[in-house]
Amino acid sequence: MKNSFELKMGSASVPFIIGVVVLVMSPLLKVDGRVPTTLEGPFEPVTVPLDKSFRGNAMDLPDTDPLVQRTVQGFEPEQISLSLSSSYASLWISWITGEFQIGDNIEALDPESVGSIVEYGRYGRTMSHRSKGYSLVYSQLYPFEGLQNYTSGIIHHVRLTGLKPNTLYQYRCGDPSLSAMSEVHYFRTMPESGPNSYPSRIAIVGDLGLTYNTTSTVDHMISNHPDLVLLVGDVSYANMYLTNGTGTNCYSCSFSDTPIHETYQPRWDYWGRYMQPLISNVPIMVIEGNHELEEQAENKTFVAYSSRFAFPSEESGSSSTLYYSFNAGGIHFIMLGAYTSFDKSGEQYKWLEKDLASVEREVTPWLVATWHPPWYSTYTAHFREAECMRVEMEDLLYQYGVDIVFNGHVHAYERSNRVYNYTLDPCGPVYITVGDGGNREKMAITHADEPGNCPEPSSTPDKLINGGLFCGFNFTSGPAQGQFCWDRQPDYSAIRESSFGHGILEVKNETHALWIWHRNQDYYGIAGDEIYIVRQPQKCPVKPKDP
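Now for a look at the structure at hand.

Rules behind the numbers
Residues numbered from 1 in each chain as written. Predicted model: local features only at pLDDT ≥ 70, side-chain atom pairs only at ≥ 80, totals over all residues. Heavy atoms only, no water. Helix = DSSP H or I, 4+ residues; strand = E, 2+ residues; numbered from the N terminus. Expected span 1.5 Å × (residues − 1). Polar contact = N/O pair within 3.5 Å; in protein donor to acceptor, adjacent residues only side chain to side chain. Pairing = 2+ DSSP bridges. Salt bridge = Lys/Arg side-chain N within 4 Å of Asp/Glu carboxyl O. Buried < 20%, exposed > 50% of the residue type's maximum accessible area, 1.4 Å probe, protein only. Phe/Tyr/Trp six-rings, centres within 6.5 Å; stacked < 30°, edge-to-face > 60°. Lys NZ or Arg CZ within 6 Å of the ring centre and 35° of its normal. Right-handed = clockwise from strand over helix to strand, strands pointing away. Core = buried A, V, L, I, M, F, W, Y, C linked by side-chain atoms within 4.5 Å. Contact = heavy atoms within 4.5 Å. Disulfide = S-S within 2.5 Å. Axes fitted to C-alpha atoms, helices over the stretch in contact; angles between N-to-C directions.

**As for helix H1 (residues 212-223)**
At step 1: In this model H1 runs 17 Å from its N-terminal to its C-terminal C-alpha over 12 residues, within 8% of the 16 Å that 1.5 Å per residue would give.
At step 2: Sitting at the head of H1, Thr211 places a side-chain oxygen 3.1 Å from the backbone nitrogen of Asn213.
At step 3: Looking one or two places after H1, you find His225, whose phi comes out positive at around 50°.

Shown next, in the form of C-alpha cells:
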C-alpha cells in the first residue's frame, strides 16, 4: 500500500509518494546491461568530459521571490523542519515564530513569549499526543561601525518520543494558546535497527545554497521520494553577503577589505522557507561546512547552524553540534566535524573512538561516515586541504570498517574505488564527493593531475581546518612517489564529473547498497552514475564492539 501527500513548492503541489521509483540507467554505466558492483573493481579511472552547454544558473533567488518570502501571520510557525534523534523511537521538530530584525537598533524577541508545542498522532487517527520543547533566539553581532546586526525569530525545538518504527504520523506545531498552529504535516519514522531493515531511499547532497541550480537539485531530489536527507555541509551561503545584503560569487575577491567576514543572516530565513515543503515531511541531517562558521563578536562561531537545527548530540554522547551520530534502520551514521579539533588527544576523536566501539554490526551492519571537506578528491579546488584530518582519523575509520564516506566542499561529483592511505584496498571505504548541490560559487572543473594544475603545496592548507597546519607532504610511494600530485587521474578515482546534482543511497540488505547519482540536466529517473557497493564482512573483519 502506498501512502501519499503533497509537497507544495511555491504555488505548485508536488505529489510525494512513499512507493516505487522507476530508474533509467545511463548506457555509459552498464556492464553487460547490468549495474556493476564494487566486487568487480577497482575500476579504471573515468573522467566524464565537461558539458560546456550546461552550466546551470548559479544566481541566488532574490528576496522578492515568492518561494522565500514570509507567508505566515503573527506567531504562526514557519521554516518547519524535522531531524532524527538517535533511533526510530524519537524525532525532533523545529520551527520559527516571529520576525527577524536586522539593523543598528534591534531588540531580541522573548523566547518565553510563545509556547513550543507539537500535537501529533498516527496517520488516520486523532492527534491526541502532545509534546513540549524549548525555544531560543540567537543574534549575529558585529563590533564594527556600519555593519548591521541581526536577531532571529523565536526558534523552537521539540523532541517526540515513544514513536513506532516505520510508521506514518501526522502533526502540527506552534502555540495553541495563541491560536498560532501550523497546518498538518506528515512524517514517517525510520525502521527499527536490524540487518534486514533499512530506509528505502536516502538523499545525499552537499553545498546546496539557494540558487536556481538549487531549485533544480531539490526538484530532482523530491522526484526520488527520499525517506531521509543528508546535507554534508554548506547550507545557506549567507556568508557570501555583506550585512547590507550585497552578495558575490567570491567573497575574498569582492570584499577583501572588510574588518570581519560578514554575513547576511536573512538568507538563512529564506533557505528555511524554501526548504520547508520538503524538510517538514522528510527528516534532514546536517553537518557543518566552512560556510557555517560565520564569525561574530566575542569570537563566536557556528551560531546560526547550531541554533536553527536540532541535533542528536546529547543522545549520541557528543558534547557538540559539530559532530554526532544516529541510526537509520540498519545503518549507523557518523557525522564528523572538520572545523573543530580532530586531534587524537581532542574531544571529538575520543568521542569517535567510543562511538565506533559501541556499534553492534549485527544490528547496524552498515557504517557510513560524513564530513564536509573530502580526503580523496582529485579536483584542483581544495586539493588535499583536509590532509591533517585524514592523517589523524583515517586509521581509526579503517579499523572499524567504515563502508562509505560522503563529503562535499568540492563543487563537482567524484566516486572513488575502495581506498586506504592513497592505496587501493578492497577493505577501504568508498569515498563519494557530492558538493554539487547548486551553490552560487559555481562548479569545480579542473583536476590537479592535469598539466599545470597541481597547486603549490604551501597553498593547500585551509586556516579554518586545524589552524592551517600543513600535512600534505609529497607521496612517498606509488605512481606519484616524490610528487605532490599524480600526473594522471589517480587509480583511487573511479569516476569524476563536473555537473550539479544529488545522490540516492538504497541499502538493500546487510551486504549490498545501491548508489545512484543524478545530474540536474538529465530527465528525472536517469542515473549519471550507478553502482552496487558490496560489503565483505568475512573478508574484511572489523574491530569488535567493546564488551
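**Looking at the sheet that holds strand E11 (residues 139-140)**
At step 1: Pairing in this open sheet of three strands is antiparallel, and the strands run E7-E12-E11 from one edge to the other. One side of each edge strand has no neighbouring strand; the edge strands of this open sheet are strand E7 (101-103) and E11.
At step 2: In this sheet, strand E12 (residues 149-151) lies alongside E11 in antiparallel orientation, the contact comprising two bridges. Opposite Ser139, over in E12, you have Thr151 as the bridge partner.

**Concerning unusual backbone geometry**
At step 1: Each neighbour pair has its own omega, and for Gly41 with Pro42 the value is 5°, a cis peptide bond.
At step 2: One non-glycine residue, Glu294, adopts positive backbone phi at about 50°.
At step 3: Considering the arrangement of structural elements, one finds Glu294 in the loop between strand E19 (284-286) and helix H4 (303-308).
At step 4: The residue Lys442 is not glycine, and still its phi comes out positive at about 70°.
At step 5: Structurally, the position occupied by Lys442 is in the loop between strand E27 (430-434) and strand E28 (493-497).

**With respect to the pattern of salt bridges**
At step 1: Following the criterion strictly, the structure yields 23 salt bridges and no others.
At step 2: A salt bridge links Glu394 to Arg390; its shortest N-O distance comes to 2.6 Å. Of the two residues, Glu394 and Arg390 both sit in helix H6 (residues 387-399), four residues apart, roughly one turn of that helix. Neither Glu394 nor Arg390 differs from the other in exposure class; each is buried.

**Digging into the packing of aromatic side chains**
At step 1: All told, the structure shown has 31 aromatic pairs when counted by the stated rule.
At step 2: Pairing Tyr305 with Phe311 gives two aromatic rings, centres 4.9 Å apart and planes at 45°, and the pair type is tilted.
At step 3: Under the relative-accessibility criterion, Tyr305 is labelled buried at 0%.
At step 4: Take Phe311: its relative accessible area is 10%, and that puts it in the buried class.
At step 5: Arranged with centres 6.1 Å apart and planes meeting at 90°, the rings of Trp486 and Tyr492 form a pair that is edge-to-face. The exposure classification of Trp486 matches that of Tyr492, with both residues buried.
At step 6: Taken together, the ring pairs connect Trp268, Trp271, Phe302, Tyr305, Phe309, Phe311, Tyr324, Phe326 and Phe333 into an aromatic cluster.
At step 7: Between Arg384 and the ring centre of Phe475, over which it is positioned, the NZ or CZ distance is 4.4 Å.

**Let's talk about the pairing of strand E23 (residues 404-407)**
At step 1: Burial along E23 is two-sided: the residues Ile404 and Phe406 and Val405 and Asn407 are all buried.
At step 2: Looking at chain direction, strand E22 (residues 366-370) and E23 are connected through three bridges and run parallel. The residue of E23 that forms the bridge with Ala369 is Val405.
At step 3: Crossover handedness for the path E22 to H6 to E23: right-handed.

**A short note on the nonpolar core**
Nonpolar side chains tend to gather and get buried jointly when the protein is soluble and globular.
At step 1: Of all hydrophobic cores here, the largest spans 121 residues; its most connected members are Ile93, Leu228, Trp271, Phe326 and Trp515.
At step 2: Element by element, the count of residues in this core is highest for helix H3 (residues 266-279), at seven residues.
At step 3: Ignoring anything within four residues of it in the chain, the contact list for Phe326 reads Leu84, Ser85, Ser86, Leu228, Leu230, Met285, Pro312, Ile331, His332, Phe333 and Met335.

**A short note on the state of the cysteines**
At step 1: Scanning all chains against the criterion turns up four disulfides.
At step 2: Note on cysteine connectivity: Cys250 is disulfide-linked to Cys253, with sulfurs 2.1 Å apart. Its torsion about the S-S bond being 60°, the disulfide of Cys250 and Cys253 is classed as right-handed.
At step 3: Paired by a disulfide, Cys388 and Cys471 hold their sulfur atoms 2.0 Å apart. Looking along the S-S bond of the Cys388-Cys471 disulfide, the torsion reads about 95°, which is the right-handed sense. On the criterion of sequence distance, the pair formed by Cys388 in helix H6 and Cys471 in the loop between E27 and E28 is long-range, its members being 83 residues apart.
At step 4: Classification of Cys388 as buried rests on a relative accessible area of 6%.
At step 5: Disulfide connectivity for the protein chain, with bonded cysteines indexed by sequence position, reads 1-2, 3-6, 4-8, 5-7.

**Comments concerning the pairing of strand E29 (residues 501-507)**
Looking along a regular strand, one sees side chains alternate from face to face of the sheet.
At step 1: Of all seven residues in E29, seven are buried, a share of seventy percent or more.
At step 2: Residues Gly501, Gly503, Leu505 and Val507 of E29 are buried on one face, and the alternating residues His502, Ile504 and Glu506, pointing to the opposite face, are buried as well.
At step 3: Pairing of strand E17 (residues 202-205) with E29, which is carried by three bridges, proceeds in the antiparallel orientation. Across the sheet, Ala203 pairs through a bridge with Ile504, a residue of E29.
At step 4: The hairpin turn running from E29 into strand E30 (residues 512-519), its antiparallel successor, is four residues long.

**Considerations on the sheet that holds strand E21 (residues 331-335)**
At step 1: With respect to topology, eight strands assemble into an open sheet ordered E4-E28-E24-E27-E23-E22-E21-E20, the strand pairing being mixed. Two strands in the sheet have a free side with no partner beyond their single neighbour: strand E4 (46-47) and strand E20 (324-328).
At step 2: In this structure, E4 lies alongside E28, joined through two bridges in parallel fashion. Looking across to E28, one finds that Thr47 is bridged to Arg496.
At step 3: Running at roughly 180° to E21, helix H5 (residues 347-358) makes contact with E20, E21 and E22 of the sheet.

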